[in-house]
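# Understanding the architecture of this molecule
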4 protein chains.
Amino acid sequence: MGSEVVKAVESAEGLSLVAALDLGDSLDQLKDSGAKVVVDFTTPDSVMANLEFLINNGINVVVGTTGFDEAKLTKVKGWLAANPSVGVLIAPNFAIGAVLMMEFAEKAARYFESAEIIELHHPLKVDAPSGTASRTAELMSKARKDAGLGPQPDATTTSLDGARGSKVGDIPVHSVRARGLVAHQEVILGGLGETLTIRHDSLDRAGFMPGVILGIRNVVSHPGLTHGLDKFM
Amino acid sequence: MGSEVVKAVESAEGLSLVAALDLGDSLDQLKDSGAKVVVDFTTPDSVMANLEFLINNGINVVVGTTGFDEAKLTKVKGWLAANPSVGVLIAPNFAIGAVLMMEFAEKAARYFESAEIIELHHPLKVDAPSGTASRTAELMSKARKDAGLGPQPDATTTSLDGARGSKVGDIPVHSVRARGLVAHQEVILGGLGETLTIRHDSLDRAGFMPGVILGIRNVVSHPGLTHGLDKFM
Amino acid sequence: MGSEVVKAVESAEGLSLVAALDLGDSLDQLKDSGAKVVVDFTTPDSVMANLEFLINNGINVVVGTTGFDEAKLTKVKGWLAANPSVGVLIAPNFAIGAVLMMEFAEKAARYFESAEIIELHHPLKVDAPSGTASRTAELMSKARKDAGLGPQPDATTTSLDGARGSKVGDIPVHSVRARGLVAHQEVILGGLGETLTIRHDSLDRAGFMPGVILGIRNVVSHPGLTHGLDKFM
Amino acid sequence: MGSEVVKAVESAEGLSLVAALDLGDSLDQLKDSGAKVVVDFTTPDSVMANLEFLINNGINVVVGTTGFDEAKLTKVKGWLAANPSVGVLIAPNFAIGAVLMMEFAEKAARYFESAEIIELHHPLKVDAPSGTASRTAELMSKARKDAGLGPQPDATTTSLDGARGSKVGDIPVHSVRARGLVAHQEVILGGLGETLTIRHDSLDRAGFMPGVILGIRNVVSHPGLTHGLDKFM
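Residues numbered from 1 in each chain as written. Chains lettered and ligands numbered in written order. Predicted model: local features only at pLDDT ≥ 70, side-chain atom pairs only at ≥ 80, totals over all residues. Heavy atoms only, no water.

### Considerations on the domain arrangement of chain A
For interface size, the figure often reported is the accessible area lost on association. Residue and element names in this part refer to chain A. The assigned domain composition of chain A is domain 1 (1-90 + 206-232) and domain 2 (96-202). Placing the centre of domain 1 and that of domain 2 at their C-alpha centroids yields a distance of 30 Å. Taken together, the contacts link six residues of domain 1 with four residues of domain 2. Between domain 1 and domain 2, roughly 330 Å² of surface is buried when both sides are summed, and carbon and sulfur atoms account for 76% of that area. Taken together, the connections running from domain 1 to domain 2 amount to zero salt bridges. The interface formed by domain 1 and domain 2 includes zero residue pairs in polar contact (both at pLDDT 80 or more). Split by residue class, the side of domain 1 that touches domain 2 holds four nonpolar, one polar and one charged. (Domains from an automatic or database assignment. Contact = heavy atoms within 4.5 Å. Buried area = accessible area lost by both parts, 1.4 Å probe. Salt bridge = Lys/Arg side-chain N within 4 Å of Asp/Glu carboxyl O. Polar contact = N/O pair within 3.5 Å; in protein donor to acceptor, adjacent residues only side chain to side chain. Nonpolar A, V, L, I, M, F, W, Y, C, P; charged D, E, K, R; others polar.)

Structural data, given as structure tokens:
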């Protein structure tokens, strides 16, 4: 991901690349480089030390590293409280299409009796369902509940184990794993006489770069913690 | 459509059916019935007289009849100006999924370099593209323009006539007509390494009824003219 | 289904309807009517008596009734052995598109490392997966085995119960149930760098009629038992 | 493509790579190497000289180079007539999924009133429709004609230029060009109450290699000219 970000920043109008650090490089270079925004695609192990250093040095951050729970987010908020001019964007997904899919799925969920998710990935993926599918299902479940929708209609009385998928909230989620696939998700919403389907196909990591650039451009004018790229869209 | 509306109103919680008129029946029945909202699925020829009568008698209206141009809308606004407590909803499409598809397509259009529409209908349809596809393309074209997007990338130099579809604004629209289809539309948005697809399948007129009910519930608290069901969503 | 068959036979070139029986009507009418072919869409309880009578009276039969196991098929074969000029077609699915989908899925299965099935139905369906999906998966599993394919690639180590679907043979089958759907199935085959998807959408029982007519036309020249409409295609 | 073939041959059981030539290398190396099969992904300009040399030296050939017309094929047949033990496979598409899609589309075409093709490619493609789509449409048109099918049902009376696509034979073909796509094709077949859709997604050139290996394994036992990978499937 690092080299993709380097290419994307270099070719983005109005941005210039002032430093590119690899594992083990000293963070002090960032301070000296005059960087206004740092993009962090590292690991859950190193991201917290990076964030503490950057926030305390007044540098805005766009974070694509995963693994943030409430405890970690609270720490970040603490550092930001002490440095109120700094902005940090933490986003679980930088693919603009995926962010929109989640937003649309959440918005539509309140209007349809039925809702299911099918996510399809390459066979090397170790977890099922995908993080994006689980997150989408949680948002949709909450939207259904807030709208006062009851349980989904389902007359199934005889079924093979697993046929009706896994349940995240009250949304069945089905995971397909097949050679030839990359990363895909389909949200199916059904009502009387109609269905609405929202599908995202991600074929290439290059697809995350427009979202990273959008994050860089916006984080400088949004001090504090922003969680999710949708807040900038 | 009339009998579908009757069934839908009768089974909707909190609503009661007080009158059902057919072609040639006197509108005075509506006044006597105490109707708060009238649903009009008639014809372009009769809808204007109906609206004038209903508005002047203080009855709210949900209109599914087609064929409204600027001249007709101006007339309706005039009648409403003289009866400021009355609400009128005029909606080109009551399928909630179709309304959401258009809203989402318009919102997403600004984020993607490429955008095309495929609409698929039964072979008895006389116009191509469909009204819904044309409307969607207009909304998307305007959104692209407002966002400062340039022309769509397309290196085609050799092509058969019609291969690249028709153009509505700067959106190519492709119309499929096949036995076995009912009414379907797919909006494809493409950016670096990803695509987002929004698809609506309408299999049955019953699919319009949740939208009609939504319109009835909301029009009473929205005096004046409302154009498009999305304003109530 | 009965009235659909009546309409279909009446409008098929070269066929004429000579009798139409309902529950409780005497089978003797069929003998008197001079029927060459009888179409049976009845129930598992009554179909066997019908078949015995018809075969013994030299009348060909097209059977759409479900619930045939090996024991029942053996009985039918016995009656046919004693009446060698009679033809009987027993078909689990008369939708030509569904029959082709199964044939294509079976043929393609030997060429791809990965194969999964998603079937999508209205929420009143009581069984999951559908009979068609199970049958398709069995055919594909056998084809994979015959071609010497090993187990499907799947690195999943962490998963929610049911996420990876149910297994029929070595094919994961996922069942979606949603309002607005009718009867749909998608077979996904994946190999290095490519996927092949075969999808059938059945929107209306009228879709079974071309298959019934095809069965009627062919059963008269195919004495003995034919199992599956594909044998006539 | 060359380096993909090298990798594929090296990792295929029972095959060994004995030579790998680039532009300008002498063909004599192939004779000396003891190659039983040569794979040619070169250019329309050089492929004919390669074929003449290889056939005359008793070496079988798998050809992925494009641009073969009747005149060129006749020449190849002439060289093969003089060397009757040599086999040559010329294939316009080595993606097994694409080959199966074409075969299935041709087979299914005779059973459905309606048939259309949508092909979707990246925006750098210069021709529309794609060669694969045109070839599929030709096969389907011929199958429809052979089955005695009449013109497709289509009541369109008002349409924008291009809305109904281009026509190859009597099949409408629609070409979508969008960033984020690679190479995709969808064949839609429609009959009373049902549709059958066959879709191929090609995401990576690696997807051609299983077909190349299949060609290598089979060409040695099929002397003479074989046109199309489907003959070996």
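### As for the sheet that holds strand β1 (residues 37-40) of chain C
Residues and elements named next belong to chain C. Reading across the sheet, the four strands line up as β1-β2-β3-β11 and stay open at both edges, with parallel pairing between neighbours. Looking at which strands have only one partner, the edges of the open sheet turn out to be β1 and β11 (224-227). The sheet shows a mean angle of 15° between the axes of neighbouring strands, taken without regard to direction. One ladder, built from four bridges, connects strand β3 (residues 87-90) with β11; its direction is parallel. Its bridge partner being in β11, Leu-89 is matched across the sheet by Thr-226. Here helix α4 (residues 70-81) sits on the sheet in contact with β3 and β11, set at roughly 145° to β11. (Pairing = 2+ DSSP bridges. Helix = DSSP H or I, 4+ residues; strand = E, 2+ residues; numbered from the N terminus. Axes fitted to C-alpha atoms, helices over the stretch in contact; angles between N-to-C directions.)

### Brief notes about the relation of the copies chain B and chain D
When chain B is fitted onto chain D, the two copies agree to an RMSD of 0.1 Å after a turn of 180° and an axial shift of 0.0 Å. On this basis, the relationship between the two copies can be described by a two-fold rotation axis. Ranked by how close their C-alpha atoms come to the rotation axis, the residues of chain B are headed by B:Gly162, at 1.9 Å. Taken as a fraction of all interface residues of chain B, those also at the interface in chain D reach 100%, which identifies the copy contact as same-surface. (Least-squares fit on C-alpha atoms with pLDDT ≥ 70 in both.)

### A look at the relation of the copies chain A and chain B
Laying chain A over chain B is done by rotating through 180° and shifting 0.0 Å along the axis; what remains is an RMSD of 0.1 Å. Looking at the interface residues of chain A, 100% of them are also at the interface in chain B, so both copies use one shared face.

### As for the sheet that holds strand β3 (residues 87-90) of chain B
Residues and elements named next belong to chain B. Taken together, four strands build an open sheet; the order of strands is β1-β2-β3-β11 and the sheet is parallel. At either margin of the open sheet sits one strand with a lone partner, and together these are β1 (37-40) and β11 (224-227). When the angles between neighbouring strand axes are averaged without regard to direction, this sheet yields 15°. The sheet contacts of helix α3 (residues 47-56) involve β1, β2 (60-63) and β3, and relative to β2 the element is tilted by about 160°.

### Description of the environment of B:Ile117
Its place among the elements puts B:Ile117 in strand β4 (residues 114-121). Each C-alpha atom, one on B:Ile117 and one on B:Ala81, is 38 Å from the other, the two residues being 36 residues apart in sequence.

### Considering the pairing of strand β2 (residues 60-63) of chain C
All names here are of chain C. In β2, alternate side chains face the same way, and those of Asn-60 and Val-62 on one face and Val-61 and Val-63 on the other are all buried. Sheet topology places β1 next to β2; four bridges connect them, and they run parallel. Looking across to β2, one finds that Val-38 is bridged to Val-61. Crossover connection from β1 via helix α3 (residues 47-56) to parallel β2: handedness right-handed. Relative to β3, β2 is paired through three bridges, and the arrangement is parallel. By the bridge assignment, Val-62 is partnered in β3 with Leu-89. On the question of chirality, the crossover connecting β2 to the parallel β3 by way of α4 is right-handed. (Buried < 20%, exposed > 50% of the residue type's maximum accessible area, 1.4 Å probe, protein only. Right-handed = clockwise from strand over helix to strand, strands pointing away.)

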